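Analysis of the macromolecular model
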Amino acid sequence: MNYWLMKSEPNEFSIDDLAAKDREPWDGVRNYQARNLLRDQMQPGDLGFFYHSNCAVPGIVGILRIVQAGYPDPTAFMPGHAHYDPKSDPDKPRWFMVDVAFVEKFPQVIPLAELKQAAALSDLPLVKKGNRLSVMPVTAQQWALILQLCSKTSS
DNA sequence: GCCAACGTTGGC
DNA sequence: GCCAACGTTGGC
């Protein structure tokens, strides 16, 4: 059982969009480090924080669950699709995705600014300067601490 | 294999 | 909208 953090731009796909669906493929990841995590590490039952990026208040907005382990991302094979990659061969796929399901939406966002202030989170890639990983591992300790921040914020 | 140029991410 | 930081590409 692993923990993750997954970024999405709410303009593109928000926690509310996920809440409205049974499950959803997490497609479009085009970064090798993130790809390796999707393909090799994520397992059904794993939990992840849903992070809103590139918006007014970037931060963690809820929790999702991995419901399907990594499999080839079909959008890479669709000419004209925004995530099309001619170099991904269906016989030897370059990009992978998982399926996720909604678990919960937090009463309030845990803002990035707040996460940055927590000394115990200094190793989390998210808060490191210049980090651009859109999918990253979260340790059990970091997970528990962030949940505490959540209950503090909402009380 | 180096590295400059370029495109993208994403906070602010 | 700006721009710092980073990953990728491609010439050599």
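Our subject in this report is the structure included herewith.

Rules of the game
- Residues numbered from 1 in each chain as written.
- Chains lettered and ligands numbered in written order.
- Predicted model: local features only at pLDDT ≥ 70, side-chain atom pairs only at ≥ 80, totals over all residues.
- Heavy atoms only, no water.
- Pairing = 2+ DSSP bridges.
- Helix = DSSP H or I, 4+ residues; strand = E, 2+ residues; numbered from the N terminus.
- Near = heavy atom within 4 Å.
- Polar contact = N/O pair within 3.5 Å; in protein donor to acceptor, adjacent residues only side chain to side chain.
- Nonpolar A, V, L, I, M, F, W, Y, C, P; charged D, E, K, R; others polar.
- Phe/Tyr/Trp six-rings, centres within 6.5 Å; stacked < 30°, edge-to-face > 60°.
- Buried < 20%, exposed > 50% of the residue type's maximum accessible area, 1.4 Å probe, protein only.
- Arc of directions from axis to C-beta.
- Contact = heavy atoms within 4.5 Å.

1. Focus on the sheet that holds strand β3 (residues 47-52)
If you walk across this open sheet you meet the 6 strands as β2-β5-β4-β3-β1-β6, and the pairing is mixed. Two strands bound the open sheet, and with one partner strand each, they are β2 (24-25) and β6 (135-138). The sheet contact formed by β2 and strand β5 (residues 96-111) spans 2 bridges and is antiparallel. In the strand pairing of β5, E24 is matched with V100.

2. Some words on the protein's contact with DNA strand C
If you check the shell around DNA strand C, you find Y32, K87, K129, G130 and R132 and nothing else. The share of sugar and phosphate among atoms of DNA strand C within 4 Å of the protein is 65%. In the environment of DNA strand C, a phosphate oxygen lies 3.2 Å from a nitrogen or oxygen atom belonging to the side chain of K87. Interatomic distance of 2.8 Å between a side-chain N/O atom of K129 and a phosphate oxygen of DNA strand C. The residue makeup of the surface near DNA strand C, split by class, is 1 nonpolar, 1 polar and 3 charged.

3. Side note on the packing of aromatic side chains
Counted under the stated rule, the structure contains 7 aromatic pairs. Relative to W26, the ring of F13 lies with its centre 6.3 Å away and its plane at 90°, an arrangement referred to as edge-to-face. In this pair, F13 is assigned in the loop between β1 (3-8) and α1 (15-19) and W26 in the loop between β2 and α2 (32-41), connecting sequence segments 13 residues apart. Given a relative accessible area of 15%, F13 falls into the buried group. Using a relative accessible area of 7% as the deciding quantity, one classes W26 as buried. Geometrically, the ring pair formed by W26 and F50 is edge-to-face, given 5.5 Å between the ring centres and 80° between the ring planes. Within this pair, whereas W26 is found in the loop between β2 and α2, its partner F50 is found in strand β3, the two being separated by 24 residues in sequence. For the pair shown, W26 and F50 are each scored as buried.

4. Section: α2
Those residues of α2 not exposed but buried are A34, R35, L37 and L38. Seen from one end, α2 has its buried residues packed into an arc of 160°, which puts them on one side. Those residues of α2 that are buried are in contact with β1, β4 (59-72), β5 and β6. For α2, the N-terminal capping position is held by N31, with its side-chain oxygen 3.0 Å away from the main-chain nitrogen of Q33.

Nothing here speaks to function; it is all geometry.
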